[in-house]
Each structure stands twice: as C-alpha cells, then as structure tokens.
Amino acid sequence: MAIDLAGDVGPPQILALTGADREAVQALLRRAAGEFAAAGCRVIGVVEEIEADGAQVMLRDLANGAAHPLTQDLGPGSAGCSLDPAGLAAACGDVEAAIAAVLADGAAPRATVVILSKFGRQEAEGRGLTHAFHAAVAADLPILTSVSPTVTDAWADFAGELAAYAPVAPDAVSGWWRAMLERSAASSA
C-alpha cells in the first residue's frame, strides 16, 4: 500500500519504511526518535546500532537506554546464524513493559510513538519483536518500523490495512507523524 495522507481514511497506524539498506533505515529511525523526543513526544521501542566493524549489532531501547545484543559470537569458522535470541527476547520484553507503562500512567497515545527496528524473518515466523508489535497495536499507538524485503508477503499478512509503506525519507516520516497528530487532535475535539 502506498502512503496516502490526504485520503478520507486517515494515516495508517503503522508506517513501514522500505527501499534502502539496513544502515540507512536504522539511521532514519534513530533520527526520527530524536526528533519526536525533542518535540515532546514519548518515544519507546528499539533501533539497531551496528559497531563500526560490523561484528556486533545491538538493539538500543529508546525508553530506558539498555543495549540488547542482537548478534552473538559463535567463534571462528562458524557458519551458523549469529542471531542472539535471548537479546531479542529481552528487547521485546522491554518494549512491552514500556507500552504497559504508557497505558498504566494514562499518557495520551498521541504523545507516544513506538519505533520497532524491523519486521524481519524472526517476526515473520512469530518470534522476535512480534509481541511488541501486537502490544503497540492493541494500545492503539502509532508505530514506525521497517520491513525486510525478503518478508514483504508475510508483512502484508501480518499488518494488513493497519500499515502503509513509505520510502526511507525524513519527509515521509514527518508527514505521517503530522497526519497522526492531526487525526488525534480531531478525534479528541
């Protein structure tokens, strides 16, 4: 689905960035998190941080600052998957706890945004950040994410009409966020 912020339906709850490499996507997600926070929004979720040598990838929690390992060192000559499932599960748990805190303290959902680094293979298989996506949708919180090109069909099945695709461009993110704020203001008026 292409993003249509001028339609009668309003902006989608989820904006999924596509069409750029991992580093560009994660850089835009980090930039958006900083801009949302600077504007007074509560920002929760996780973004990837990749070490300069690419050997270690962390998921940085945007609410509490914790760094959860996304990769693990399997040793020299290893050909297995280096994903750290415990780190990914801990990151997901932190996001779910932050969403529960938003609901518990009565924070206005329009003043909160959830940023989830990626819907990838783990999420397509019902693992990874899947529960964080579910919690954010159930809480009716806006979600900014990215979608791995290898799982676009699974993403379409998972998110359905709640999501729209957008290019990895600051204007697409800011346009979506403005539309979300306008919809929220109109519904509370």
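Asker: Would you mind going over the environment of alanine 132 in detail, with residue names and values included?
Answerer: Position of alanine 132 among the secondary structure elements: in helix H4 (residues 130–138). Judged by its relative accessible area of 0%, alanine 132 falls in the buried class. Distance in space between the C-alpha atoms of alanine 132 and valine 95 is 6.0 Å, their sequence separation being 37 residues. Setting aside residues no more than four positions away along its own chain, alanine 132 makes contact with Cys92, Val95, Glu96, Ile99 and Leu116.

Asker: Can you lay out the sheet that holds strand S5 (residues 112–119) for me, pointing to particular residues and giving the numbers?
Answerer: The strand order S4-S3-S2-S5-S6-S1-S7 describes an open sheet built from seven strands, whose pairing is mixed. Either end of the sheet is taken by a strand with one partner, and the two such strands are strand S4 (67–69) and strand S7 (163–167). Across this sheet, the average inter-strand angle for adjacent strands is 25°, counted without regard to direction. The pairing of S5 with strand S6 (residues 143–147) spans four bridges and is classified as parallel. Within the sheet, the bridge partner assigned to isoleucine 115 lies in S6 and is leucine 144. Packed onto the sheet, helix H2 (residues 85–104) meets strand S2 (42–50), strand S3 (57–61), S4 and S5 and runs at close to 165° relative to S2. Sheet strands touched by helix H5 (residues 152–159): strand S1 (14–18), S5, S6 and S7. Its angle to S7, the strand with the most contacts, is close to 140°.

Asker: I'd like to hear about the pairing of S1, residue by residue, with values.
Answerer: Judged by how many residues are buried, S1 sits mostly within the fold: four of five residues are covered. Both S1 and S6 contribute to a ladder of four bridges, which runs parallel. Residue pairing across strands places leucine 15 opposite leucine 144, the latter belonging to S6. One ladder, built from five bridges, connects S1 with S7; its direction is parallel. Within S7, the residue paired with alanine 16 across the bridge is tyrosine 165.

Asker: Mind laying out the packing of aromatic side chains, listing which residues take part and the relevant values?
Answerer: A complete count under the given rule lists eight aromatic pairs for this structure. Ring centres of phenylalanine 36 and tryptophan 177 lie 4.8 Å apart, and the angle between their planes is 40°; on these two criteria the pair is classed as tilted. One end of the pair, phenylalanine 36, is in helix H1 (residues 22–38); the other, tryptophan 177, is in helix H6 (residues 170–188), and 141 residues separate them in sequence. Here phenylalanine 119 and phenylalanine 158 contribute two aromatic rings whose centre-to-centre distance is 5.0 Å and whose plane-to-plane angle is 35°, an arrangement assigned as tilted. Of this pair, phenylalanine 119 sits in strand S5 while phenylalanine 158 sits in helix H5, and the two are 39 residues apart along the sequence. Taking the relative accessible area as the measure of exposure, phenylalanine 119 reaches 1% and is therefore buried. Members of the aromatic cluster, joined through ring pairs, are Phe119, Phe133, Trp155 and Phe158.

Asker: An account of unusual backbone geometry is requested, with residue identities and associated values reported.
Answerer: Notably, aspartate 140 is not glycine yet its phi reads approximately 60°, a positive angle. For aspartate 140, the position within the fold is in the loop between H4 and S6.

Asker: Break down the side chain of threonine 130 for me, citing the residues and quoting the values.
Answerer: Structurally, threonine 130 can be placed in helix H4. Of note is the side chain of threonine 130, whose polar atom sits 3.3 Å from the backbone oxygen of glutamate 123. A polar contact is formed between the side chain of threonine 130 and the backbone oxygen of arginine 127, at a distance of 2.6 Å. Apart from the residues lying within four places of it in its own chain, the contact partners of threonine 130 are Gln122, Glu123 and Phe158.

Cut-off values and rules
- Residues numbered from 1 in each chain as written.
- Predicted model: local features only at pLDDT ≥ 70, side-chain atom pairs only at ≥ 80, totals over all residues.
- Heavy atoms only, no water.
- Helix = DSSP H or I, 4+ residues; strand = E, 2+ residues; numbered from the N terminus.
- Buried < 20%, exposed > 50% of the residue type's maximum accessible area, 1.4 Å probe, protein only.
- Contact = heavy atoms within 4.5 Å.
- Pairing = 2+ DSSP bridges.
- Axes fitted to C-alpha atoms, helices over the stretch in contact; angles between N-to-C directions.
- Phe/Tyr/Trp six-rings, centres within 6.5 Å; stacked < 30°, edge-to-face > 60°.
- Polar contact = N/O pair within 3.5 Å; in protein donor to acceptor, adjacent residues only side chain to side chain.

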